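# Residue-level structural notes
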Amino acid sequence: MKNKEPLILAVVVIFSLITYYLVEPYAHHVMHKHVESEHFAYADLPALDKTGDATRGQELVVGAGACTGCHSIEVAGMPAAMEPQMAAASYGVNPPDLSNAGVVYDEKFLAQLIKNPAHALKVEHKFTEESGKMHPMAQFFGAGGDIDQEAADMVAYLKSIALKAEEVTPKIAFENACGRCHAMSYENWTQMGEKPSFKDKKDELAFDIKVLEYQDSLKAYMGKLPPDLSMYIRSRGEHFVSTLMENPQSQLEGTAMPRVGVTAEMAEKVIEHMKDSGDTKRAERESVGMNVMIYIIIFAIFALLWKKQVWRDLH
Amino acid sequence: MAHFTKATSVKDWLNQRLAIDKVEKVMMSEYWIPKNINFLWAMGMVLVITFALLLVSGIFLLMYYQPNVDTAFYSVNYTIMRDVDFGWLWRHVHGVAASVVFLIIYIHMFTGIYYGSYKKGRELIWVSGMLLFVAFSAEAFSGYMLPWGQMSYWAGMVITNLFSGGSLHADGLVEWIRGDYVPAQAFLTRFFMLHVLLIPLAILGLIGLHFGALRIPHVNNQEGEEIDFDKEAKKYLAGDKAGSKVMRFANDFMSKDMMVVGIYLIFFFYLVFWNYGFAMDAVNFDPADGLKTPAHIYPEWYFLWSYEILRPFSIDIGLIAFAFAQVIFVLLPWLDRSPNTVPANRRGLFAIWFWVMLVNLIVLTAMGKLPPEGIFSQIGFVSAILFIVQWLMLPFITMFEKKV
């Protein structure tokens with residue numbers, strides 16, 4: 001009698017694979033718009049063709065540029081003037097500390113941000129003339145010289161005080177890029193910073209109240225509370241998160257989320273941190289997976305040999 | 001009382017009390033299986049193994065899962081996935097097995113349809129199998145509620161809404177099922193109970209019935225040949241193992257079962273470690289939010305075909321079509337009027353019926369997931385009509401089938 005099993009197996013496998021293809025890759029391709037990564041090139045922003053002078057930049061940042069009127073620069077000995085929830089009440093969101101802005105954000109993006117924040121952040125649709133709203137970060141109109149040179153100088157200063165790229169941990173990258181709008185409760189992160197451990201319940205409640213106040217301001221500013229990102233690496237996937245960071249409008253047209261402006265390297269670190277929250281066991285999964293596979297393959301070989309031995313007498 | 005003698009061994013002691021030798025013969029060594037079968041006959045054992053994986057992984061998950069709307073999501077995604085050693089492994093095994101078990105059930109079911117294994121004395125095997133399908137479906141649905149993510153919540157909302165019966169507006173029934181106006185704490189706790197107690201009990205009972213229904217008619221074979229099991233068994237026991245048409249369940253067929261199980265487990269664990277996304281929908285990693293409806297709500301892949309029979313019609317007709325689809329498979333032994341117990345390829349029109357049914361179910365499955373727009377909703381509509389028409393035609397096709 002002809003052995004039909006290979007044919008039967010082929011039929012089963014082909015029908016299963018067709019079904020899989022249709023309900024997984026194909027259906028998701030139809031349901032979700034595919035956005036190609038631009039590799040964080042920010043091609044829409046003008047290139048930074050002036051060489052910046054950090055010393056001159058420092059003068060501008062603390063002087064005519066008036067950055068430190070709102071931003072702290074802890075690494076340069078300039079702590080925040082207000083508590084985060086107070087700052088959020090004034091500006092909608094706590095203005096970031098600039099200690100590591102020079103390494104986390106792309107230089108082209110930073111220069112544009114100084115000159116025209118709403119444009120660099122791609123939130124001009126929120127701050128139209130009809131809306132009567134102004135972006136909380138004031139535009140820099142120049143300190144009397146060449147504005148492009150002045151912006152380049154400030155960027156050079158920010159780069160000079162920042163950590164080196166390799167010193168930036170995934171956590172630092174995340175906190176700078178996402179952490180003032182998004183909580184990450186599985187990593188104990190609130191929009192106000194890491195939640196300390198309190199001995200006294202009263203102190204903890206006082207902290208929680210500040211977080212709630214911060215969130216109220218943020219909600220009013222953004223339209224809704226930006227989501228907790230603890231599990232976002234599993235609910236959205238790496239590609240979505242990465243392209244969203246690069247240009248939120250490409251995935252969610254009209255969203256209040258600003259373009260983040262990170263460099264490609266920092267975007268990878270942000271993703272790494274999101275994996276550290278939502279997919280902590282990825283390394284263990286690989287190693288346990290390999291061991292289980294080895295075990296199961298040995299089991300299958302023994303089962304095959306046993307079958308051959310038993311069936312020898314049956315034919 | 002029976003007469004007991006001093007036992008000569010532990011085995012003898014047990015034999016006097018439990019007749020283990022006899023049980024072993026009935027269940028294993030003298031449970032005769034035709035030799036003329038292929039690996040599709042091992043799907044039963046593959047299902048037993050998958051069910052065991054579900055049961056064991058489920059027990060581990062049950063030790064840490066919290067059926068509370070405020071903590072359920074956290075207990076799954078933080079406690080089990082991050083805190084508990086190997087919690088992630090048990091969850092992935094459970095999630096993937098819950099999906100793969102349906103693939104095997106469908107293969108098992110279509111094997112039965114193709115070879116006519118629901119005919120002449122095997123009706124109860126078919127019916128108990130279909131009841132198992134219903135029980136597994138309920139088990140899958142109730143389990144899907146437990147992580148209390150966005151898809152849990154909204155699938156729970158949509159499916160329980162079906163019980164309002166369209167124009168009947170039986171909203172009271174829906175509220176009774178939910179224990180609330182919307183899926184909330186009462187809903188989660190009762191589906192937790194169903195998932196970990198009532199439905200598993202029903203499944204265990206039905207598995208017993210399914211096996212019991214199989215013992216007297218024996219399993220079918222590849223050619224639908226009627227075998228005199230007593231005669232062939234005697235031949236085997238007399239030493240003519242090669243000449244007999246039958247073999248022992250254990251170890252003869254069991255060894256082949258285990259070979260298939262071995263290959264299956266390679267595939268299964270590949271999915272668990274490297275390709276689990278299909279079984280763990282990304283949307284369900286967002287916590288349940290009653291104020292935020294997901295852009296696309298769809299069931300897991302194994303419910304898509306019946307979902308698509310519901311969807312293309314107006315609500316009342318859709319519900320009737322859906323109800324039809326749920327029960328019609330059970331009636332197969334009586335809708336098939338042909339006396340032939342042979343593979344579909346030797347049954348003329350029925351062969352066409354079989355392959356069209358299989359392909360159409362795959363089309364319905366695909367359309368059930370795709371958004372109901374444009375060409376997809378038209379294909380879905382035609383496929384749903386075709387499904388119903390095929391079942392209505394079945395008695396007539398088979399009535400005039402020639403005896404082979």
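Residues numbered from 1 in each chain as written. Chains lettered and ligands numbered in written order. Predicted model: local features only at pLDDT ≥ 70, side-chain atom pairs only at ≥ 80, totals over all residues.

## Examining the packing of helix H3 (residues 43-62) of chain B against helix H5 (residues 87-115) of chain B
Residues and elements named next belong to chain B. Where H3 meets H5, the axes come as close as 9 Å, and the angle between the chain directions of the two elements is 155°. Judged by the inter-axis angle, H3 sits roughly antiparallel to H5. The handedness of the crossing between H3 and H5 is left-handed. Broken down by class, the residue content of the contact of H3 with H5 amounts to 17 nonpolar, seven polar and one charged. (Axes fitted to C-alpha atoms, helices over the stretch in contact; angles between N-to-C directions. Helix = DSSP H or I, 4+ residues; strand = E, 2+ residues; numbered from the N terminus. Parallel < 35°, antiparallel > 145°, perpendicular 65-115°, else oblique. Left-handed = near helix turned anticlockwise from the far one by under 90°. Nonpolar A, V, L, I, M, F, W, Y, C, P; charged D, E, K, R; others polar.)

## Brief notes about unusual backbone geometry
Glycine aside, residues mostly have negative phi, and peptide bonds are mostly found in the trans state. Residue Asn251(B) is bonded to the preceding Ala250(B) through a cis peptide linkage, with omega at 5°. Along the chain, Asn251(B) turns up in helix H11 (residues 249-274). Even without being glycine, His39(A) reaches a positive phi, approximately 55°. Examined against the element boundaries, His39(A) turns out to sit in the loop between helix H1 (5-31) and helix H2 (54-62). Judged by C-beta crowding, with 11 C-beta atoms within 10 Å, His39(A) ranks as exposed. Of note in this structure, His169(B) is not a glycine but carries a positive phi near 50°. Within the fold, His169(B) resides in the loop between helix H7 (150-161) and helix H8 (171-178). (Buried ≥ 20, exposed ≤ 12 C-beta atoms within 10 Å, placed from the backbone.)

## Considering the interface of chain B and chain A
Facing 43 residues of chain B, the contacting portion of chain A comprises 41 residues. Secondary structure elements with two or more residues in the side of chain B that touches chain A: helix H4 (72-83), H5, H11 and helix H15 (349-369) of chain B. The greatest single-element share of the side of chain B that touches chain A, amounting to 14 residues, is contributed by H11(B). Looking at the side of chain B that touches chain A residue by residue, the class counts come to 29 nonpolar, seven polar and seven charged. (Contact = placed C-beta atoms within 7 Å.)

## Section: the domain arrangement of chain B
All names here are of chain B. We note that the domain assignment places domain 1 (24-295) and domain 2 (298-404) within chain B. Using C-alpha coordinates to define each centre, domain 1 is positioned 22 Å away from domain 2. The partner domain 2 presents 17 residues to the 25 residues of domain 1 that form the contact. Every element with two or more residues in the side of domain 1 that touches domain 2 is listed here: H5 and helix H6 (123-145). Here the residues of the side of domain 1 that touches domain 2 are counted per class, giving 13 nonpolar, eight polar and four charged. (Domains from an automatic or database assignment.)

## Notes on the nonpolar core
Among the nonpolar cores identified, the biggest contains 68 residues, and Val93(B), Ala97(B), Trp148(B), Leu188(B) and Val261(B) are the most heavily contacted of them. Take this core: its biggest share by element is 12 residues, from H11(B). Core analysis: the next-biggest nonpolar cluster, separate from the first, contains 58 residues, Ile73(A), Val104(A), Ile114(A) and Trp189(A) among them. (Core = buried A, V, L, I, M, F, W, Y, C linked by C-beta atoms within 7 Å.)

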